[in-house]
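Observations on the model geometry
Listed below, chain by chain, are the residues.
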Amino acid sequence: MLLSPNFLVIDTEGKQEINEIAIINKNGRLIYEAYNKSTFGVKSIAEIVEDIKEIIPNHLLVFHSAQHDLQILSQSFKQVGQSFPKVKTDCTYQLAKRYFPRLDSYSLQYLSQYLDLRVNGRVFNLNLAHSAKYDAQFTYQLYQKIREKMFQNTLNPFSSNRVDTPFQQHPDYSQIYQEEFNTLTSILTDIKLEPNHQSKGAIIIGEPGSGKTHLIMRLAQKTLATNRLLFIRQPNNAKSILFHIYTRILESLVEPVPKTNYSQLEYFLAKTFVNFMRLEKHCTTPTKLNLLTELEADPFSIYDKRKNFPKIEKYLTNWWSKKHGGSGYSLNIIKGIVKYCSYVDKNYKILVTRWLAADELKDAELKRLGLDKWSQELSQENFALEAISVLGKLSLLDEPLIIVFDQLESLSLPYNQEILLSFGEAIKDICTHVPNSLIILNLFPDRWSHFQEFFDPSVIDRISQSIINLSPINPEQLQQILKIKLASTGITLTEIFTTEDIQDILQQNSIRKTINRAADYYRYRVHGITLPQNNQTQLDFKPIKTYEERLNQLETELHQIKLQLAQLLDTEAVVTIPETIPLINKTEDHILLNYWETEKEILSQDYNNIKIIDDSDEIGKLRQIATAFLKRYSGKITVLRLRKLVIPENLVISHGKQENVLAFLNENGSRFTPRMKNFNQLLVNHPHLQFILIRDRRQPAINGKVGLREITNFTQSSNAELIILEKEARIEFELMYKMITDINNRDLEIDLKTAIDIWVKYYHNSWLVKKMLGQVK
């Protein structure tokens, strides 16, 4: 079956020649009808043939019994001394056998009745059959049903319109931004060859949807076999910027290198260690010489004999102590890297990753791994900077690191100014203390101008040594991108889109918008889903609202007025979800539903990967979510404190006199108990507040007697609720945060307040919405 938007459904009646013919276009409209033997509207065979020749070029011809109809057409053309042209055809009789197998019959009557096909609201009537127009109309309905069946489980090739992380795999048209790509690789070469291996910076500047992260994906695909690429998304907590950067680096390091059985960290150790062994002064014994011979032949043979790992740890830590000293956390960081790579079991790898993130493991786990407990006085920021510095210094034995900062645009928003200032200081520290690295910032043009107002001039000079501008690409290049997207389907652009479709698609002003528009047209052509409005084209339309929809909107507006009055008067009314949800423009609904579907799938696949769950990061995400909600629903955000005592990271979200305290406590061991005990003290001190404590299901269970007792005390309080984030709730939380971040970063083009309304419409019963809007359990 060919998928062509330019199709015509044709039915002929006759035996040796055309007695009657009807042609219906792709929109279901009768465009031609003629009779050869009739008392009404008679045309000669020659006239009908000339008409057909004029109508059918560049169209796929659809028949119910193609063999029969083509025979009649061929004979009719032959009768007037012409040959029927070569055309592409589809036969609904044969297609129905494929897509609706094992039916008793495949006649047009049987299929129409079986599938409940209707023309003008009426089912197939045998008494009206065998007129060309009537049969063509039902053949058209049958063809549409077959198309729907064929593609109902087919992924829209344009649904994936953006690269979230460089470790994803997306089709890549490498001729786009090839010069910019070469610039990045040349900087890596410069860093490697420069005697001091000083880190260098590059700013990639491009408008939303221009392909900044896609370019980094290409860099990852081309360099992961040699360089380590570390991807850091937007920080969200001004107090823990460096720790955020380090934990994202760890998550990048445990990403697999494509087409191998090893992670980036395993690559890093193998390549680093073989170069370490190549240094002549380290190969002074037969044992070391034999090991070097094996590693030079295959660096990954290090993983064939895991009994060698204690030696590897000893060699590296002794060398580090002599070269850099043994103070601080560096020796433990090196031990942790070696330990991670020494294990095959994923559970052990998870434990070591948590330990490398300064998480507190149980004594039995530490003993099993042969690792030490971290100090209770450990400063996360100092620890993180030293850990990143260790990675940079180790990379001197191999290739430069690629450290990419992406999704930074929303740091320019007024409420993120403190984060932006702290981020600038963190970048300054990294430039100063981390050698042998290419530091890349992806930014919009206006954001880069804004960043320069806040960053230290010395930092600006360091990170902007290279400015790479991504200019808009031309329609021919955009068309090549679409063809690459379609390649896996075996369908060409002209088979699925009309010339007018393609022109509209290529009028968009960015790569992402082009792909989004192609996705809309795909749904329209394949599934019959109404084409959304497009402000850039003449296809705009404003659907007429029904009385029911208008009433819906009026009720919603009345609810909002009542809500605002209640807050102005400071009444005790609790904010509730309106029974009538705001009427949203169908296009905006459509945009978000497709976005959620795509991102949910990505988050679901990512859920079981190694993740570092940190309370400072969690509360940062929650603050971004709460800020977005409170732009739509009036309220305020504060924080609870208990003198200088340590308590869970928390936010107080207030609506009128209703206040919810949302806190995260994912800590373990001796860090958990004092925080839990102090949180219970807050609970006693503030009986008028509703306390919600949140912990991720993937964190270790609390087994200590005191910790369990404090949890029990908490859950037995009437104004307390413990939420364990299961997979579905975690994905909802991450999806909400990602949606808000993408909107603020202009990766998702929809108004934030509108997006919140649509979220409430579909998720009004979720834990997150209820807590954001002041509802209690």
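Throughout this description, residue numbers start from 1 for each chain and increase along the sequence as written. Only residues with pLDDT of at least 70 are given local features in this predicted model, and only at 80 or more are side-chain atom pairs given and counted; all residues enter the totals for whole chains, interfaces and linings. Side-chain measures here rest on the full set of heavy atoms in the structure, leaving out hydrogens and waters.

It is worth spelling out empty space enclosed by the protein at this point. Detection works on a 1 Å grid of protein atoms alone, calling trapped sets that fit a 1.4 Å probe cavities and calling open sets with protein on both sides within 12 Å along at least five of seven lines pockets, with lining residues defined by an atom within 4 Å of a point. Grid points are joined across faces, edges and corners, and a volume is the space filled by probe spheres set on the points. Applying the stated criterion across every chain, the model contains five cavities of 30 Å³ or more. Around the largest cavity, the lining is made up of 30 residues, and of these Val-163, Ser-210, Gly-211, Lys-212 and His-214 lie nearest the centre. Those elements that place two or more of their residues in the lining of the largest cavity are α7 (212-223), α19 (475-486) and α22 (511-527). In terms of residue class, the lining of the largest cavity is made up of eleven nonpolar, ten polar and nine charged. Runs of E in the DSSP output that reach at least two residues are strands. Runs of H or I that reach at least four are helices, and both are numbered from the N terminus. Residues are grouped as follows: Ala, Val, Leu, Ile, Met, Phe, Trp, Tyr, Cys and Pro are nonpolar; Asp, Glu, Lys and Arg are charged; all remaining types, including Gly, are polar.

It is worth spelling out the pattern of salt bridges at this point. Should their charged atoms come close, side chains of opposite charge can pair. In what follows, salt bridge is the name for a side-chain nitrogen of Lys or Arg lying within 4 Å of a carboxyl oxygen of Asp or Glu. The full count for this structure, using the stated rule, is 41 salt bridges. Across the pair Lys-738 and Asp-164 runs a salt bridge, and its minimum N-O distance is 2.7 Å. With Lys-738 in helix α28 (residues 727-744) and Asp-164 in the loop between α5 (132-151) and α6 (178-193), this pair connects stretches of sequence that are 574 residues apart. In this structure, the salt-bridge partner of Glu-399 is Lys-192, at a minimum N-O distance of 2.4 Å. Within this pair, whereas Glu-399 is found in the loop between α15 (380-395) and β8 (401-405), its partner Lys-192 is found in helix α6, the two being separated by 207 residues in sequence. By sharing partners, the salt bridges in this structure join Arg-233, Arg-248, Glu-251, Asp-617, Glu-618, Lys-621, Asp-696, Arg-698, Arg-730 and Glu-734 into a single network.

As a further point, take the nonpolar core. Within this scheme, the nonpolar core is defined by two criteria: the residues are buried Ala, Val, Leu, Ile, Met, Phe, Trp, Tyr or Cys, and they are joined through side-chain atoms within 4.5 Å. Think of it in three bands: residues with accessible area under 20% of the maximum for their type are buried, residues over 50% are exposed, and the middle band is partly exposed, with areas taken using a 1.4 Å probe on protein chains only. In terms of nonpolar packing, the biggest core is built from 134 residues, with Leu-229, Phe-273, Phe-405, Ile-440 and Leu-441 touching the most fellow members. Apart from residues no more than four positions distant in its own chain, Ile-440 is found in contact with Leu-184, Ala-202, Ile-204, Ile-216, Leu-219, Ile-402, Ile-403, Val-404 and Phe-405. Counting 43 residues, the second-largest nonpolar core is a separate cluster that includes Trp-596, Leu-622, Phe-629 and Trp-767. Contacts between residues were defined by any pair of non-hydrogen atoms, one from each residue, lying within 4.5 Å.

Backbone geometry at Lys-259 places phi at a positive 65°, although glycine is not the residue there. Its location among the elements puts Lys-259 in the loop between α8 (241-253) and α9 (264-278). A residue is classified by how much of its surface remains accessible, and Lys-259, at 90% relative accessible area, is exposed. Within the chain, Asn-436 stands out as a residue other than glycine whose phi angle is a positive 60°. You can call Asn-436 buried: its relative accessible area is 2%.

With that out of the way, let us pick up the sheet that holds strand β2 (residues 20-24). Only strands joined by at least two bridges in the DSSP assignment are considered to pair. Spatially, the five strands line up as an open sheet ordered β3-β2-β1-β4-β5, and their pairing is mixed. At either margin of the open sheet sits one strand with a lone partner, and together these are β3 (30-35) and β5 (89-91). Averaged over neighbouring strand pairs, the angle between their axes works out to 20° when direction is ignored. Here strand β4 (residues 60-63) pairs with β5 via three bridges, running parallel. Every axis corresponds to a line fitted to the C-alpha atoms, with the helix fit spanning only the stretch in contact, and the corresponding angles, defined between N-to-C directions, vary from 0 to 180 degrees.

It is worth spelling out the sheet that holds β8 at this point. In spatial order, the strands read β7-β8-β9-β6-β10; together these five strands make up an open sheet with parallel pairing. Edge positions in the open sheet fall to β7 (229-232) and β10 (466-469), since each of these has one partner strand only. Averaged over all pairs of adjacent strands, the angle between their axes in this sheet comes to 20°, without regard to strand direction. Relative to β10, strand β6 (residues 200-205) runs parallel, the two sharing four bridges. For Ile-204, the partnering residue across the bridge sits in β10 and is Ile-468. Lying over the sheet, α7 contacts β6, β7, β8 and β9 (437-443), oriented at roughly 155° with respect to β9.

Taken as a whole, the second largest pocket holds about 1100 Å³ of empty space. Around the second largest pocket, the lining is made up of 41 residues, and of these Asn-237, Lys-239, Ser-616, Ile-619 and Glu-649 lie nearest the centre. Elements with a minimum of two residues in the lining of the second largest pocket: α15, α16 (417-433), α25 (615-632) and β12 (649-655). Among the residues forming the lining of the second largest pocket, the class breakdown is 17 nonpolar, twelve polar and twelve charged.

On to helix α27 (residues 705-715). Taken as a whole, α27 has its buried residues at Gly-707, Glu-710 and Phe-714. For α27, the arc enclosing every buried residue in end-on projection is 65°, short of the 170-degree limit, so these residues lie on one face. Tucked into the core, α27 has its buried residues touching α26 (672-685), β14 (690-696) and β15 (720-725). Picture the helix axis, draw a direction to every C-beta atom, and the arc is the one those directions span.

Moving on: the environment of Phe-691. By the secondary structure assignment, Phe-691 is in strand β14. The spacing of Phe-691 and Leu-603 is 88 residues in sequence and 28 Å in space, taken between C-alpha atoms.

Right, let's talk about the packing of α25 against helix α29 (residues 752-763) for a bit. The relative placement of two packed helices comes down to the angle between their axes together with the axis-to-axis distance. Interaxial distance between α25 and α29 falls to 9 Å at its minimum, and their mutual angle equals 95°. Our classification of the angle between α25 and α29 gives roughly perpendicular. Judged by residue contacts, Ala-628, Phe-629, Lys-631 and Arg-632 of α25 engage Leu-752, Lys-753, Ile-756, Asp-757, Trp-759 and Val-760 from α29. Residues belonging to the contact of α25 with α29 are distributed by class as follows: six nonpolar, no polar and four charged. Just so you know how the angles are binned, under 35 degrees is roughly parallel, over 145 roughly antiparallel, 65 to 115 roughly perpendicular, and the rest oblique.

What follows covers the packing of aromatic side chains. Any pair of Phe, Tyr and Trp rings, taking the six-membered ring for Trp, is counted once the centres come within 6.5 Å. Such a pair is stacked with planes under 30 degrees apart, edge-to-face with planes over 60 apart, and tilted for the rest. Counted by the stated rule, this structure contains 38 aromatic pairs. With a centroid separation of 5.2 Å and an interplanar angle of 75°, the aromatic rings of Tyr-329 and Phe-383 are classed as edge-to-face. Placement of the pair is Tyr-329 in the loop between α11 (309-324) and α12 (330-342) and Phe-383 in helix α15, with a sequence separation of 54 residues. Residue Tyr-329 is classed as partly exposed on the basis of its relative accessible area of 21%. Ring centres of Phe-451 and Phe-455 lie 5.4 Å apart, and the angle between their planes is 50°; this geometry places the pair in the tilted category.

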